[in-house]
Structures are given as C-alpha cells and as structure tokens.
Amino acid sequence: MAQENVSRELKAGRIEGSYDPKFKPVYEAFVENFERNDEVGANVAITLEGKTVVDLWGGRKARGGEAWTRDTVSIVFSCTKGASAICAHLLADRGELDLDAPVAKYWPEFAQAGKEEALVSMMLDHSVGLPHVRTKLKDGGYYDYGYMVDLLAKEAPFWQPGTRNGYHGVTFAWTVGEIVHRAAKKRLGHYFRDELAKPLGLDFWIGLPEEIEPRVAPMIYAEIDPKAPVSKFTKTLMSDPMSPAHLFLLNNGNANFNSREAHAAEIGSANGITNGRGLAGLYAPLASGSLVSKDTLARMGRVAMATHEDATLMIPTRFALGFMKSMDNRREPNAVDSSCILSEAAFGHVGMGGSIGFADPEAKMSFGYNMNRMGSGILLNNRGQALVDAAYKALGYRSNQSGVWAL
C-alpha cells in the first residue's frame, strides 16, 4: 500500500512526512503530542524489515522559533550509549574485542584501586562500579577526553565490580569509550562515524562538525513541577553529596549541553546528535538481522544485569550489555515517567528528557524518536511512550500489562 504523505498545519507548527497506513496510530499519536502534550519540535521514524514505514517531523526548533525541518537534529543524550554499545559489539563480532576478558587486557592502567578483576562486560552492563567520580570535576571536564579517562582509571569503585549495578549515566562515555578506543586503535567517535554512521547513511555524530551546528535544535530543559511527588532518586541526591545520584547529576564540571563545546566533544554516553530517522536507521540492520552474527545479536538483546534498586537511579532497572531492556515501573511509588515499555525481544536506549532508539528483532522493527522539549522523568514520558505503544498496536501486539508488549 502506498505511503500517506503529510503536510498539516497545527498551532504548534507544520507537521510533515509520510507513513504506511498500517501505522496511522503512530501519526495520530504524533499529532496528539503537539496538540495536547506540549510537544515543541520532534521527529519519529520507524523501519519494518529494513524499510521506512514512518517518518514524521514538525513543530519548531524553539518556542515561537523557526520550523523544525526534515534535516533538524538535536542532542539525544543517553541514546548515545546505544550507539557506543553497538560499536563494542561490532568489534566483538569481528573478533577484535573479547567482552568476557579482563579490562586490563586492553587498558592496563585501569587495573588498580580495586578494579583489577573487572571485565569488559561489566562496563557495558553498568556493574563495573564507576557510576561517577568523587573528585570535583574541573570546568569543562566532560569535554576533555583524556582527563576523564585518567580520572576513571585511578578511581576506586563504589562497589566490588560485578556485584551490583548502578547506572553509569555519563562515565559510560569513558569506560566503554576507552575500551573501543584500545580495541579499534581509533577513538569511539571516529569508529562510529567510519563503521556505522557513514556506511548506513546516518545523520548521527558523536562529536559534531561545526558546519552542522546550524541544524541543531537546542534543548528546552524540563520544568520542575513543585507539586510532583519527590522520587527516591531526588531525595538521595539532595541528602547525600557522595551518592552516585548526587555526583552523576551535579558533579558535571558546569557542562552546558546546548553549547558548541559540548556538541564538539566526544562524550559517548551523552552528546550524540541525530534525529528519530538517525536512531531508527542505526537500529534497522539489527532489527532485520543483517549487521552482526546471530549469536552476537542474541547476546545484544539478552538481559545481563537487573536489580530491584539501581544504585544510581534508585528504581528497578534491566540492562543488556550496553542497552536498556523493557522497564515497567508504573507501580513504583513516586516514580513518575520512570518506565520504558517495549517487547521482551527489544533492546535500545532512552535519552534524558524522553528520546529513544531501539531494535526489535522479533518484530523486525526499529524505532527512533527525538524532540527538543525535555520531560522531567528518568526514562520515557507520555509523549515517547505513546508513540512506542502506537507502533506495537499497529503490529498487532495485544497488551503491555505484563511489563512488556506481548502478542
């Protein structure tokens, strides 16, 4: 069936693109986000069996600003972790990286201060014990790759590596990033560009070239609702200045992720710049089973670490090696917007504020969504989850009451 083309003027701005009629519920949810959920600018894209079945964009790059066009991009924060993890798995699939080996095999300087027995896989599943660093970071610390790598090599772990997990919200950039660097003999941003972004034709950068800067929609940071219930994460970061929660959120070297410096840096956990199309395109060959071997793909999607209380986020979490799995925290007290409900087969990553990219090899679907108005929750908010839900419903999935979308 032919694609339905869209060009529709809304109060929030013009919506454009196309969709397969089977995925009309995704189009309707996309429009609903602008009309009722205060979406400002966004792009959602979906592939099925390698073919694009949804590509919708619209709104504005800023409130009252210029139009969000087809080539608009934005920072997707922790969706970047998925891109970095794919780099690691690609190296493993090619026999250039052993995920079960000690980190010291590739990065000898890391094997100190209680991290001597740490494995590469622990860096990917957030169990290596470095959710942040205790040292107060210098201004612009995140932009200085060598400085952060050296700090993490010397840092004592917050727990014995492998014994529990706590989200490595920013440090993933330099734990996984440096392992990719050592194995590939090429920095992560360059490896990602040469082995994934360019071959797949993606507008996706970890380290943005200056000439792309005019295309970037700045992020509109979330407004805190004073009436919202206070989460355990917030209580912890406010009460314990040495907690992973506090350090992760506040010991940031005064990083400004809307700045040119942040966009240009190589922060493989947090500063990837792309759009929904780039996220869906990154995961498309994994959804269709064409990028890596069947064994590697199976390992990428398998739960490697799960807990009732993540040491950083203070909610139940489930991770594969470098990817988020479906997380259903809808019944957790005071944990608003702290879920990401996918199918059991799906794996990918949410970005702070509510962006998401993932592959679902069972459904042969890949999905990407980015936006510029951030939500305040830890994982997806109602805008992104509504689009994910609509996609699964369009494919005939019946219910997500079990915590995953099921047929």
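In case you missed it, the structure is sitting above this.
Values in this document were obtained by computation on a predicted structure and should not be read as measured data. (Residues numbered from 1 in each chain as written. Predicted model: local features only at pLDDT ≥ 70, side-chain atom pairs only at ≥ 80, totals over all residues. Heavy atoms only, no water.)

(A) Expanded view of the pairing of strand 1 (residues 4–10). Summarising the sheet, strand 1 and strand 2 (residues 13–19) pair through seven bridges and their orientation is antiparallel. Its bridge partner lying in strand 2, Asn5 is registered against Ser18. Adjacent in sequence and paired antiparallel, strand 1 and strand 2 are bridged by two residues. (Pairing = 2+ DSSP bridges. Helix = DSSP H or I, 4+ residues; strand = E, 2+ residues; numbered from the N terminus.)

(B) Local environment of the packing of aromatic side chains. Taken as a whole and judged by the stated rule, the model has 14 aromatic pairs. Ring geometry for Phe77 against Phe257: centres 5.7 Å apart, planes inclined by 70°, an arrangement best described as edge-to-face. With a gap of 180 residues between them, Phe77 in the loop between strand 5 (74–75) and helix 2 (79–93) and Phe257 in the loop between helix 8 (244–250) and helix 9 (260–264) connect regions that are remote in the sequence. Considered together, Phe77 and Phe257 belong to a single accessibility category, that of buried residues. Where Tyr392 meets Tyr397, the ring centres are 4.9 Å apart and the plane angle is 70°; that geometry is what we call edge-to-face. Residue classification places Tyr392 among the buried residues on the basis of a relative accessible area of 0%. (Phe/Tyr/Trp six-rings, centres within 6.5 Å; stacked < 30°, edge-to-face > 60°. Buried < 20%, exposed > 50% of the residue type's maximum accessible area, 1.4 Å probe, protein only.)

(C) How the structure looks around the side chain of Thr175. You can see Thr175 is positioned in helix 5 (residues 172–184). Take Thr175: its relative accessible area is 0%, and that puts it in the buried class. The residues touching Thr175, leaving out its near neighbours within four places in the chain, are Trp107, Met123, Leu130 and Leu152. (Contact = heavy atoms within 4.5 Å.)

(D) Region of interest: the nonpolar core. Core analysis: the biggest nonpolar cluster contains 131 residues, and Trp174 and Phe367 have the highest contact counts within it. What Phe367 contacts, discounting residues up to four positions off in sequence, is Val44, Ala45, Ile46, Leu279, Ala280, Ile356, Gly357, Phe358, Leu387, Val388 and Ala391. (Core = buried A, V, L, I, M, F, W, Y, C linked by side-chain atoms within 4.5 Å.)

(E) Geometry of the sheet that holds strand 10 (residues 355–360). Reading across the sheet, the seven strands line up as 1-2-4-3-11-10-9 and stay open at both edges, with antiparallel pairing between neighbours. Each having just a single partner strand, strand 1 and strand 9 (347–351) make up the two edges of the open sheet. Between one strand axis and the next, the sheet turns through 5° on average, direction left out of account. Sitting on the sheet, helix 2 touches strand 9 and strand 10, and the angle it makes with strand 9 is about 145°. The sheet contacts of helix 12 (residues 382–394) involve strand 3 (41–48), strand 10 and strand 11 (365–371), and relative to strand 11 the element is tilted by about 160°. (Axes fitted to C-alpha atoms, helices over the stretch in contact; angles between N-to-C directions.)

(F) The arrangement of unusual backbone geometry in detail. In this structure, Asn254 takes a positive phi of about 55° despite not being glycine. With respect to the element layout, Asn254 can be found in the loop between helix 8 and helix 9. Look at Asp337: it is not a glycine, yet its phi comes out positive at around 55°. Examined against the element boundaries, Asp337 turns out to sit in the loop between strand 8 (317–319) and strand 9.

(G) The pattern of salt bridges, seen in detail. Taken as a whole, this structure holds 26 salt bridges when the rule is applied. The salt bridge involving Asp100 is made with Arg299; its shortest N-O contact spans 2.8 Å. Here Asp100, found in the loop between helix 2 and helix 3 (120–124), pairs with Arg299, found in helix 11 (residues 294–301); they are 199 residues apart in sequence, far enough to count as distant. We classify Arg299 as partly exposed; its relative accessible area is 25%. In this structure, the salt-bridge partner of Asp150 is Lys154, at a minimum N-O distance of 3.1 Å. In this pair, Asp150 and Lys154 are both assigned in helix 4 (residues 145–154), four residues apart and thus about one turn of the helix distant. On the basis of relative accessible area, Asp150 is assigned to the partly exposed category, the value being 38%. Among the charged side chains, a salt-bridge network with shared partners connects Asp38, Arg63 and Arg373. (Salt bridge = Lys/Arg side-chain N within 4 Å of Asp/Glu carboxyl O.)

(H) Spatial organisation of the pairing of strand 9. Extensive coverage of strand 9 is indicated by the burial of five of its five residues. On strand 9, burial covers both faces: Phe347, His349 and Gly351 on one face and Gly348 and Val350 on the other are all buried. Where strand 9 lies against strand 10, five bridges are found, and the strand directions are antiparallel. Residue pairing for strand 10: Phe347 is matched across the bridge by Ala359. The turn joining strand 9 and strand 10, which pair antiparallel and follow one another in sequence, is formed by three residues; a positive phi near 100° is taken by Gly353.

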